[in-house]
Amino acid sequence: MHPSAKGTLLLLLLLWRSHVAQGGFCLNLTHPLLVDTGFAAVNDLDEARCRASGFEWCPLVNETETWTENGISVEYFWFSPCCTGEQNVTLKVDDRDSYPTCRKGVPRRKCKRSDWLSKLMSDLVDKPSHEKLSPYEMLVPPSDLEMDASVNATPRPPPACICKPTDPECEMTSGDGAKCLICKTDRKCGGNVISLGLNIFKIESVDLRSSQLTLSTWLRTSWTDERLSFHKQCYGGVDTLDIQAKAGDLEQSKIWVPDLELYNSRDNIWDGSFPARLASIYACSSPARSSCGSVWWSRPGIISALCMYEGLVMFPFDILKCKLEIAGWSLDGRYQDIIPRAKDGGISWHNNPNAKEKAVAGLTAGGKFQNYAITDLKLERKVVFYDCCPSSPYPELIYEISFQRSSSYYVLKLIVPLLFLGVMALLTFWMPPASGERLGYGITVILAMLANDIVASELMPVCNERVFMDYLNLSAWLFGSLALLETGLVMLLYHKKCETWTEALVPTDAFRIFRSCYRRRKKERYIRRAGGSRVENLESRMKNAFSTKDSQLRRPMYKSIFWELDTNFDNELGIDEFERFWQPMFGQEWSRADAEKCLAKAGLDITLALTEAEFCYFCESSLPHKDDFEYLQQKLQFFMQLADHERNRIAAMWATRAQTIGMCCLFVLRPRGLPGIIRPPYPPPHHHLPPPPPPRS
């Protein structure tokens, strides 16, 4: 290039830079769309006319932009907000191109993001203006309420979120019915609105015994604080400032954060389970000021809630429900309103089937091989008045979490063994009562049910309500207990040798002791009435009755008959036992009157029990044809065989009764679907009566 051309190009470049450096514009805020926005409309006023008209002059470059609202467009200076408000106090201009710079004397192109963030932090938090009140000025809750302390001040209207007692949204009224204490409404209470969202990352634990629920969550809040407003064109294009924030700690928090608490918490979330995190402050970008002072604060933390679980009745097929009550603790709705987050309705969790659009909430959210899985999450907003603050409405967000148990584990470990034990308890109906293992098997099944119940109780809460598992346990216990009771009853009846139900069911030892004492006392009274001479006479006759050899041969047979009749082994024969002897020996025509005469003839009393000696004496003195030893022997042998047959008949009778009871219980208790009644293998004994001896001619 020719040297003269180079010089001309350099001269033009210097003239352009000089023109840019001398740029600027007048802050003529006359357009109605730009009122209270900090932006100035485009105008052709130079610096002299601008100042003469009473406006401020901005030394920045006069770049322009167009904004349209409701069909009306206005052209404004892009950098005009940098010359107004707090940002004008610390404005640094690059003399080379009239753009804002991070530090005086430093070209804007050498300012890095960290430099702009440092300047922005200083402007927003340190507040270098003369109006700064205290180091904790930014920790005061933001509010746009106008205050008036005069006597004639106009009373403020009640918040719009308050319901009347007659409104359908009112859920609870005061005692006199003049005020609504709990109102379900979406109407806002105040200007400082906090948008709250809860994202459940994982379910950590569910403790039914202590009614505790532990969740890993993300607590998302957003609000607007006009004190944190800044424009990105004034700070090198920085559109977000991340600043440390923590609830309940003035030293670690640089800005005000909402007053939020979980009312049914075990560990509070205010300065508790949610640590300090960075809050994002968004810049203004246009006269709309939609994001001016907008703060986004998301924190991961652990929610440990004390729940009133619902739906536990169907354990282990239950769908549990727990409510989380989140609201302000000190600030009421007039100064801190709480509403659900608009984007997701205030609720989100992994694999939400009701989500309008898919959103990523952590790549490792949710999980497999867990005991519980969330099935639904509902949210409702209520405004509550507490007795401490009758004029302060507290907006609350009530989250209702529904989660289902992984029931397959409980089915395999609890229900299937319990049902199996209940069916196995019925096997006792097919076991013979003569087998001693039948009773032991029934007791073993009951003990196995007890062990299963102990294991199940470790997984269930201690409460007054009955759950499905309790009814299942009671049903299995009922089956096992009835089967064991039937086993005991069948075995009791199967081995009975008495005639009547009374003798079978009354305890034998108690009956024997009572009868023995009664007979002994009655015999003592008889001896006292009879006198000693009569007793000695009877003993003498008993001794003389067996003085011959034939009588001594017959006496062992009499003794064998006595031991056959003495079924209760008390060494005495009562009237009932004695009756079993005289009818076979003397015939059916023999009555109790004949027996009394015969015993009286022998010097005995039928109402008293007969000892062995007395019975032998009676047989020797009263049996007919006793001298025919062969005939008497056949007669007595026939009686012994008849007694054996009678025992077998009684045993068969009780075996049949036991069998009948077993079949009835099997028919009633057997599960439907099993085959019909199968006769239990109770083999009753069968004996044939021997032929009687030929009659004596």
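See the structure shown above.
Residues numbered from 1 in each chain as written. Predicted model: local features only at pLDDT ≥ 70, side-chain atom pairs only at ≥ 80, totals over all residues. Heavy atoms only, no water.

Some details on the nonpolar core
Item 1. Counting residues in hydrophobic clusters, the biggest one holds 52 residues, and the most contacted among them are Val-206, Leu-213, Tyr-309, Leu-324, Phe-403 and Met-469.
Item 2. Beyond its immediate sequence surroundings of up to four residues, Tyr-309 is in contact with Val-206, Asp-207, Leu-208, Ser-211, Gln-212, Leu-213, Leu-320, Lys-321, Cys-322 and Phe-403.
Item 3. Counting 46 residues, the second largest nonpolar core, distinct from the first, contains Ala-41, Tyr-99, Cys-111 and Leu-228. (Core = buried A, V, L, I, M, F, W, Y, C linked by side-chain atoms within 4.5 Å. Buried < 20%, exposed > 50% of the residue type's maximum accessible area, 1.4 Å probe, protein only. Contact = heavy atoms within 4.5 Å.)

A few points about the pattern of salt bridges
Item 1. Under the defined criterion, the tally for this structure stands at 17 salt bridges.
Item 2. For Asp-97, the salt bridge identified is with Arg-108, shortest N-O distance 2.5 Å. Of this pair, Asp-97 sits in the loop between α3 (85-89) and α4 (113-126) while Arg-108 sits in the loop between α3 and α4, and the two are 11 residues apart along the sequence.
Item 3. Residue classification places Asp-97 among the buried residues on the basis of a relative accessible area of 14%. (Salt bridge = Lys/Arg side-chain N within 4 Å of Asp/Glu carboxyl O. Helix = DSSP H or I, 4+ residues; strand = E, 2+ residues; numbered from the N terminus.)

Regarding the state of the cysteines
Item 1. According to the stated counting rule, one finds 9 disulfides in the structure shown.
Item 2. Here Cys-161 engages in a disulfide with Cys-189; their sulfurs sit 1.9 Å apart. In this structure, the disulfide formed by Cys-161 and Cys-189 twists by about 115° around the S-S bond and is classed as right-handed. Here Cys-161, found in the loop between α4 and β5 (170-173), pairs with Cys-189, found in the loop between β6 (180-184) and β7 (193-207); they are 28 residues apart in sequence, far enough to count as distant. Residues Cys-161 and Cys-189 agree in their burial class; the two are buried. (Disulfide = S-S within 2.5 Å.)

Some thoughts on a nonpolar patch on the surface
Item 1. A surface patch of nonpolar side chains, amounting to about 420 Å² of accessible area, comprises Leu-439, Ile-443, Leu-447, Leu-450 and Ile-454.
Item 2. With respect to the element layout, Ile-443 can be found in helix α6 (residues 437-457).
Item 3. The class of Ile-443 is partly exposed, set by a relative accessible area of 40%. (Patch = residues over 30% accessible without salt bridge, like charges linked within 9 Å, V, L, I, M, F, W, Y side chains within 5 Å. Areas by Shrake-Rupley, 256 points an atom, 1.4 Å probe, with all protein chains shown as cover.)

Digging into the environment of Pro-81
Item 1. Relative to the helices and strands, Pro-81 is located in the loop between β4 (72-77) and α3.
Item 2. Note: C-alpha distance between Pro-81 and Phe-39 (42 residues apart in sequence) is 5.3 Å.
Item 3. Filtering out sequence-adjacent residues up to four positions away, Pro-81 remains in contact with Gly-38, Phe-39, Gln-87, His-231, Gln-233 and Cys-234.

Focus on the side chain of Thr-90
Item 1. Tracing the backbone through its elements, the reader meets Thr-90 in the loop between α3 and α4.
Item 2. What makes Thr-90 buried here is its relative accessible area of 10%.
Item 3. Here the side chain of Thr-90 touches Asp-123 through a polar contact of 2.9 Å, side chain to side chain. (Polar contact = N/O pair within 3.5 Å; in protein donor to acceptor, adjacent residues only side chain to side chain.)

Observations concerning α4
Item 1. The first and last C-alpha atoms of α4 sit 19 Å apart over 14 residues, in line with the 20 Å expected at 1.5 Å per residue.
Item 2. Of the residues making up α4, those classed as buried are Asp-115, Trp-116, Lys-119, Leu-120, Asp-123, Leu-124 and Val-125.
Item 3. Next to the buried residues of α4 lie β9 (240-245). (Expected span 1.5 Å × (residues − 1).)

Describing the packing of helix α11 (residues 549-565) against helix α14 (residues 612-622)
Item 1. α14 packs onto α11 with a crossing angle of 120° between their chain directions and a minimal axis gap of 9 Å. Taken together, the axis directions place α11 and α14 in an arrangement best described as oblique. Judged by the sense of rotation from one axis to the other, the crossing of α11 with α14 is right-handed. Counting all contacts with α11, which are made through Ser-551, Arg-554, Arg-555, Tyr-558, Lys-559, Ile-561, Phe-562, Trp-563 and Leu-565, the residues of α14 involved are Glu-612, Phe-615, Cys-616, Cys-619 and Glu-620.
Item 2. A class-by-class count of the residues in the contact of α11 with α14 yields 8 nonpolar, 1 polar and 5 charged. (Axes fitted to C-alpha atoms, helices over the stretch in contact; angles between N-to-C directions. Parallel < 35°, antiparallel > 145°, perpendicular 65-115°, else oblique. Left-handed = near helix turned anticlockwise from the far one by under 90°. Nonpolar A, V, L, I, M, F, W, Y, C, P; charged D, E, K, R; others polar.)

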